[in-house]
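Topology and contacts: notes
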Amino acid sequence: KLPVKINLELPGFLVNRIALLRNQAEALLLKVLPFRGDALYVFTAGGAEFDGETPPYALFSIGGINSFPGLARQQLRGTSYWISGASYNRKLGDIQRLVGQAVYGGLRLTAGDVGDRIDDVDDGTILGAALSLGGRSPIGPFLLSLGTTNNGFWELQFAFGRPIREGSILDAIW
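Residues numbered from 1 in each chain as written. Predicted model: local features only at pLDDT ≥ 70, side-chain atom pairs only at ≥ 80, totals over all residues. Heavy atoms only, no water.

Quick notes on the pattern of salt bridges
Quick note on the threshold: The rule for a salt bridge is simple: a side-chain nitrogen of Lys or Arg has to be within 4 Å of a carboxyl oxygen of Asp or Glu. Secondary structure elements are taken from DSSP: a helix is a run of H or I of four residues or more, a strand is a run of E of two residues or more, and numbering for both begins at the N terminus. Only protein chains enter the accessibility calculation, which uses a 1.4 Å probe; a residue whose area is less than 20% of its type maximum is buried, one above 50% is exposed, and one in between is partly exposed.
All chains considered together, the criterion is met by four salt bridges. For Arg 90, the salt bridge goes to Asp 38, with nearest N and O atoms at 2.7 Å. Note that Arg 90 is positioned in strand β7 (residues 80-96) and Asp 38 in strand β4 (residues 38-49), a separation of 52 residues in sequence. Classification of Arg 90 as partly exposed rests on a relative accessible area of 45%. Linking Arg 117 and Asp 123 is a salt bridge whose minimum nitrogen-to-oxygen distance equals 3.0 Å. Relative accessible area serves as the criterion here: at 7%, Arg 117 is assigned to the buried category.

As for the nonpolar core
Quick reminder of the rule: What we call a nonpolar core is a set of buried Ala, Val, Leu, Ile, Met, Phe, Trp, Tyr and Cys residues that are connected through their side-chain atoms within 4.5 Å. In this description, contact between two residues means that some pair of their heavy atoms is separated by no more than 4.5 Å.
Membership of the largest hydrophobic core comes to 13 residues, with the highest contact counts inside it found for Ala 45, Ile 62, Phe 68, Leu 76, Tyr 81, Ile 83 and Val 114. When residues of this core are traced back to their parent elements, those giving at least two are β3 (24-35), β4, β5 (60-62) and β7. Once residues lying within four places of it in the same chain are set aside, the contact partners of Leu 76 are Phe 60, Ser 61, Ile 62, Leu 71, Val 114, Arg 117 and Ile 126.

As for a nonpolar patch on the surface
What counts is decided by this rule: Patches here are clusters of residues that have more than 30% relative accessible area and form no salt bridge, with a 9 Å joining cutoff for like charges and a 5 Å cutoff for nonpolar side chains (Val, Leu, Ile, Met, Phe, Trp, Tyr). Per-residue and other accessible areas follow the Shrake-Rupley method at a 1.4 Å probe size, with only the shown protein chains counted as cover for residues.
Where nonpolar side chains cluster on the molecular surface, the patch consists of Leu 92, Leu 133, Ile 139, Leu 144, Leu 146, Trp 154, Leu 156, Phe 158 and Phe 160 and spans about 990 Å² of accessible area. Residue assignment for the nonpolar patch shows that the elements contributing at least two residues are β10 (140-149) and β11 (154-160). Among the elements that take part in the nonpolar patch, β11 stands out by supplying four residues, more than any other. Counting through the fold element by element, Phe 160 comes out in strand β11. What makes Phe 160 partly exposed here is its relative accessible area of 44%.

Comments concerning the pairing of β10
Here is the key point about a regular strand: its side chains alternate between the two faces of the sheet. So the rule is basically this: Two strands pair under a simple rule: DSSP has to find at least two bridges between them.
The pairing of strand β9 (residues 126-137) with β10 spans ten bridges and is classified as antiparallel. In the sheet register, Ala 129 faces β10, and the bridge partner there is Thr 148. Between β9 and the antiparallel strand that follows it, β10, lie two residues. Looking at chain direction, β10 and β11 are connected through seven bridges and run antiparallel. When the bridges of β11 are listed, Leu 146 appears paired with Leu 156. Linkage of β10 to β11, two consecutive antiparallel strands, is achieved through a turn of four residues, within which Gly 152 is found at a positive phi near 95 degrees.

Examining the packing of aromatic side chains
Here is the rule: Pairing of aromatic rings covers Phe, Tyr and Trp, the last counted by its six-membered ring, and requires centre-to-centre distances within 6.5 Å; plane angles under 30 degrees mean stacked, over 60 mean edge-to-face, and any other angle means tilted.
Per the counting criterion, the structure on display carries two aromatic pairs. A ring pair is formed by Phe 60 and Tyr 81, whose centres lie 5.3 Å apart and whose planes are at 55 degrees; its orientation type is tilted. Here the residue Phe 60 occupies a position in strand β5, and Tyr 81 occupies one in strand β7, the gap between them amounting to 21 residues. Taking the relative accessible area as the measure of exposure, Phe 60 reaches 3% and is therefore buried.

See the structure below:
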């Protein structure tokens, strides 16, 4: 079956999307709040399956520089998930002001949980924090992130160019 994506028009929200695929549904809500020339992103997302017959390769995946800094890419896989967080990005300087290329420093706080995980571990709600340095450069976008979680994971991650898919609807916003 082809995915069905529904984009809702909610005044003041940048991304609001519902995706239906196979026997799964996902939803995402993102609000960007300008703050003294900087940006504060507030987001929430979640997904669930309907019939318990999702093959392992199609389970929801959380972890990575886009979905949950502090966890390795696709570290957590399961039949359902929720994730919420906020990211504050402060402009540190311009690379080329004329074309909007700049460097930003950021702080991201994230909370989430993955249900019925493939590894049968139940960590409950996982909390994470990450510091980042990123921006748009003449050779492409980049992001360097150092993140940690309350269950003892640390990840130093680097992304350059087009983001690699991590397996959740959050791929659409970063």
